[in-house]
Amino acid sequence: MVDNEASLFERMISGEIPADFVYRGERVIAVRDINPQAPVHVLIVPRERYRNAAELATHDPELTAELVRVAAEIAESEGIAESGYRLLFNTNEDAGQTIFHVHLHLLGGRQLGALAEPV
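Here the structure is a predicted model, which is why all the values come from computation and not from measurement.

Colleague: What is the right way to look at the overall build of the protein in this model?
Modeller: For the protein, the helix and strand inventory stands at three helices and five strands. Reading the protein from its N end, one meets helices and strands in the order α-β-β-β-α-α-β-β. Over its C-alpha trace the protein gives a radius of gyration of 14 Å, about what one expects of a compact globule, namely 14 Å for 119 residues. Projected onto its principal axes, the C-alpha coordinates of the protein cover approximately 40 × 35 × 25 Å. By the burial criterion, 38% of the 119 residues in the protein qualify as buried.

Take a look at the structure:
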């Protein structure tokens, strides 16, 4: 855990902050991103707080796999499984991580293009 203050996602889980839930499971939740970067942009979040994807994978690889499985189920239900979708973890500041409670981005519903600017 980063600190004792509740993360944005923990506040959503507790009901303190409203969220558009797509999925609620025992160990994982999924919410629509409030600033979507694609027609489908869902954040898949473990209920237990880990700082980033590396910490999650080190401490609970089964939960890491569950995030990906839930993302695939949501892609299917959102109608983007066949056309394709992107799964993305931002890890730490240089990658654009702004909430230090790991979350997996599910993006799809259009052609997504390159991952980053050419060097």
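Colleague: I'm lost on the sheet that holds strand E2 (residues 28-32) in this one. Help?
Modeller: Through backbone hydrogen bonds, the strands of a sheet pair up, either in parallel or in antiparallel fashion. Pairing is antiparallel across the open sheet formed by five strands, whose spatial order is E1-E2-E3-E5-E4. Single-partner strands in this sheet number two, and they are strand E1 (21-24) and strand E4 (85-88). Along the sheet, successive strands turn relative to each other by an average axial angle of 15°, direction set aside. The pairing of strand E3 (residues 40-46) with strand E5 (residues 104-108) spans five bridges and is classified as antiparallel. The residue bridging Leu43 from the neighbouring strand is His105, located in E5. Helix-sheet contacts for helix H3 (residues 61-77) involve E1, E2, E3, E4 and E5, and the interaxial angle to E3 is about 150°.

About the cut-offs
- Residues numbered from 1 in each chain as written.
- Predicted model: local features only at pLDDT ≥ 70, side-chain atom pairs only at ≥ 80, totals over all residues.
- Heavy atoms only, no water.
- Helix = DSSP H or I, 4+ residues; strand = E, 2+ residues; numbered from the N terminus.
- Rg over C-alpha atoms; globule rule 2.2 N^0.38 Å.
- Buried < 20%, exposed > 50% of the residue type's maximum accessible area, 1.4 Å probe, protein only.
- Pairing = 2+ DSSP bridges.
- Axes fitted to C-alpha atoms, helices over the stretch in contact; angles between N-to-C directions.
- Contact = heavy atoms within 4.5 Å.

Fair warning: the whole summary comes from geometry, so function is off the table for now.
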